[in-house]
Each structure stands twice: as structure tokens, then as C-alpha cells.
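Architecture and fold: a report
Single-letter residue listing:
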Amino acid sequence: MMNALTVVLLCLAALFIFGVLPTFIMSWFIFKILLKRDKPEKWDRNCSMPNDAETVVMYNKGLEWGKRWDSVRSDVDIYNDGLHLFGEYFDFGHDKAVIIIGGRMEACYYSYYFAEVYRRAHCNVLTIDARAHGKSEGLYNCLGYKEYKDILEWGKLLHDTLGNKKIFLHGICIGSSAALFCLTSKDCPDYMAGMAAEGMYTTFCESTRRHMELDHRPIFPFMYETMLWIRIVCGANVITDGPIRRIKAMTKPILFLHSREDRFSLPERAQELYDLCPSEKKKLVWFDKGGHSRIRINNEQAYDDEILQFLGEAEL
């Protein structure tokens, strides 16, 4: 007969094999869908959501802007972390530049949509394919935890090679997280001068929870197991680390752009981020209309005016 210890061990083994292991495997597939580029056409430069009307309008307006200024556009590239990364540089003849950093699934053409206000502000414009997007190499979107080092390299290209004295960052969703990580890094140079953050979340875990709740998907155990896969593959603790922690070190100018209709980065959490930020040059602007990453398409004039005003006030 089996002794008590053997029975307990068998029960634990059965629990793992038939309980934990299947959900952990399923969570790997959730992770792959969210953050792994497993084929070239995934997260390429085409419209990321061709069935979403607002995304299509934003994308097409961006393409029109790119065509209008194609005469000053050039392809640029860098190497970082063993990856060959690509972008496009619009040289309007100024001595300052903006790097526009899109969210998950978005490559450099998407960023065109946000560029006109910076051209009006006398900035050159760099739109980038983040790692694992567009023409850039890489398998995983690492939610800014590795991408911020790529942004530092892009900044070095803009400053050291292309002659820009100041560099501003404009981030959307995950792009705003990457920009914040960059500007609060101990390696960030003074010429990286500030940022605008649209729809910044507190942690990726909280944002994911909101998505799953609104889609009526089971939270436990899948969300937590997916967060564990992110920790294993990307080296990021997205449960406790994120903008909610990094914002406490943000001393450079920062403009928060947030919609009261944002269901994924909740307005009260945006207020919390703003309150925690120690920067002496910070501003939080509320928009009454526009979903997550959909502010400008619903408020183009006001959105651009706020950026222009902030750049002037912060002397950027």
C-alpha cells in the first residue's frame, strides 16, 4: 500500500498535469498573440486594424501626410541589442526633432498621423518601426522594457549624426511607457528633452485586466500566467513595474494627454500618474471624447494646440 507522502505527491503531480499545466500552455498562446511576431505580415507597416473605422481614417490621413512630405524623407537605420532597426526621417531643416513611438501593433506609417503638429513646431520628425514591427528585426514586443534602449540609440543618431540639439518624444499607449522608461533611465542624455504621453497606463497588467474584463474573459489564472510568460521571455515584471513606478523619477517636461472615455487606461489612474510625477514642467490635458489611442482623431485641433502650447511653455 502507498504511504501518505506518496499519495500527497501523486495528488500534487495530478494537479499540476491536469490543472496547472494546461492553463499555463494556454497562457503561452495568449502571450504569443499579444507580444510575439511569428510571421512577417504581423505588425507590418500596413493598417493594423482594417476593420476599425477610426484606425483606417488615422492611417490614411497619415499616409497622405507622408506623401506630401516625401521629398524630405529618408530611410534610416540603427543596430541595437543585436537587432537591425528601421525608421524614416523627415528633415525639415531644423535643429530639433521628435521621435513618434506608436503602440503595440503599430509601425512607422501609423506615426505619420501625429507628425504635422511637430512640423508646425519646427521639429524634424523620426517615425520608427519598433523591434518586431515593420521592417525591424526582433520576435517580441517587450512593452518598453527593452525598447527604451532602442530609443536612446535613435536619439544618438538624431543628435550625433543628424545634428539635432534637442529631441522630444511622443508616445501613444505602450509607446508612452517606452518613452518614459527612456527619459527616466540613468543613461538618458540631456538632449532628450521631454515627452508627450497619450493614454499612458499605470502597469501593463492593469491595462490587460481592463481588456479582459471588458471582453468578459476569465481573469484567473490566465492573466497572471500570461504576466509570468512576459517575465520569463521579456524580463519584465509588468505586475509591479511600469509607469506607476517610473513616473516618480520623471523630472523632464511631460504632457499627459488623456480621454475621459478611455476604458483601458482609466482617467483616475492618469490623474494618479500626474500627481506622482515630480517634474516642474508637467501638464495634464483632458479630452471629453475619444477612446484609448483615439484622442486626436476626435479632437484634432485641440490636440495639436495643446502640444504647441506645451512646447512653447516648456521652451522645447
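The following paragraphs examine the structure supplied in this document.

Description of the layout of surface pockets
- Of the pockets and cavities examined, the largest pocket occupies roughly 990 Å³.
- Lining the largest pocket we find 34 residues, and of these Arg-104, Met-105, His-211, Phe-264 and His-292 sit closest to its centre.
- When contributions to the lining of the largest pocket are tallied by element, the ones reaching two or more residues are helix H1 (4–35), helix H2 (53–68), helix H7 (204–214) and helix H8 (222–234).
- Here the lining of the largest pocket takes five residues from H7, the largest share from any one element.
- Grouping the constituent residues of the lining of the largest pocket by class yields 16 nonpolar, nine polar and nine charged.

Here's the deal with the state of the cysteines
- Enumeration over the complete set of coordinates arrives at zero disulfides.
- In this structure Cys-123 is a free cysteine whose sulfur lies 16 Å from that of Cys-182, the closest cysteine sulfur available.

Brief notes about the packing of aromatic side chains
- Taken as a whole and judged by the stated rule, the model has 17 aromatic pairs.
- Geometrically, the ring pair formed by Tyr-110 and Phe-114 is tilted, given 5.6 Å between the ring centres and 55° between the ring planes.
- Seen from their ring centres, Phe-114 and Tyr-303 are 6.4 Å apart, and the 50° between their planes marks the pair as tilted. A residue pair is termed long-range when its members are at least 10 positions apart, and Phe-114 in the loop between helix H3 (108–111) and helix H4 (116–120) and Tyr-303 in helix H12 (residues 300–313) qualify at 189 residues. The same class applies to Phe-114 as to Tyr-303, namely buried.
- An aromatic cluster is present here, built from Trp-65, Trp-69, Phe-90, Phe-92, Tyr-109 and Tyr-112 joined pairwise through their rings.
- A cation over a ring is seen here: Arg-246 above Phe-181, with NZ or CZ 4.3 Å from the ring centre.
- In this structure, Lys-282 packs its charged tip against the face of Tyr-274, placed 4.4 Å from the ring centre.

Some thoughts on H8
- Helix length check: H8, at 13 residues, gives a terminal C-alpha distance of 18 Å against a target of 18 Å (1.5 Å per residue), a fit within 8%.
- Three or more residues of H8 are buried, namely Phe-222, Met-223, Glu-225, Thr-226, Met-227, Trp-229, Ile-230 and Cys-234.
- Looking at the residues trailing H8, positive phi occurs at Gly-235, about 70°.

Remarks on empty space enclosed by the protein
- This structure, assessed with the given rule, holds four cavities of 30 Å³ or more.
- Breaking the lining of the largest cavity down by element, the ones donating at least two residues are helix H5 (147–161) and helix H6 (174–183).
- The element contributing the most residues to the lining of the largest cavity is H5, with four residues.
- Residues that form the lining of the largest cavity fall into these classes: eight nonpolar, six polar and five charged.
- The space that makes up the second largest cavity amounts to roughly 60 Å³.
- Lining the second largest cavity are Lys-96, Ala-97, Cys-123, Lys-166, Ile-167, Phe-168, Ala-193, Leu-311 and Leu-316.
- Residue assignment for the lining of the second largest cavity shows that the elements contributing at least two residues are strand S3 (96–101) and strand S5 (166–172).
- A per-element tally of the lining of the second largest cavity places S5 first, with three residues.
- For the lining of the second largest cavity, a count of residues per class yields seven nonpolar, no polar and two charged.

Criteria and thresholds
Residues numbered from 1 in each chain as written. Predicted model: local features only at pLDDT ≥ 70, side-chain atom pairs only at ≥ 80, totals over all residues. Heavy atoms only, no water. 1 Å grid on protein atoms, 1.4 Å probe; cavity = no way out; pocket = protein on both sides within 12 Å on 5 of 7 lines; lining within 4 Å. Points joined across faces, edges and corners; volume = space filled by probe spheres on them. Helix = DSSP H or I, 4+ residues; strand = E, 2+ residues; numbered from the N terminus. Nonpolar A, V, L, I, M, F, W, Y, C, P; charged D, E, K, R; others polar. Disulfide = S-S within 2.5 Å. Phe/Tyr/Trp six-rings, centres within 6.5 Å; stacked < 30°, edge-to-face > 60°. Buried < 20%, exposed > 50% of the residue type's maximum accessible area, 1.4 Å probe, protein only. Lys NZ or Arg CZ within 6 Å of the ring centre and 35° of its normal. Expected span 1.5 Å × (residues − 1).

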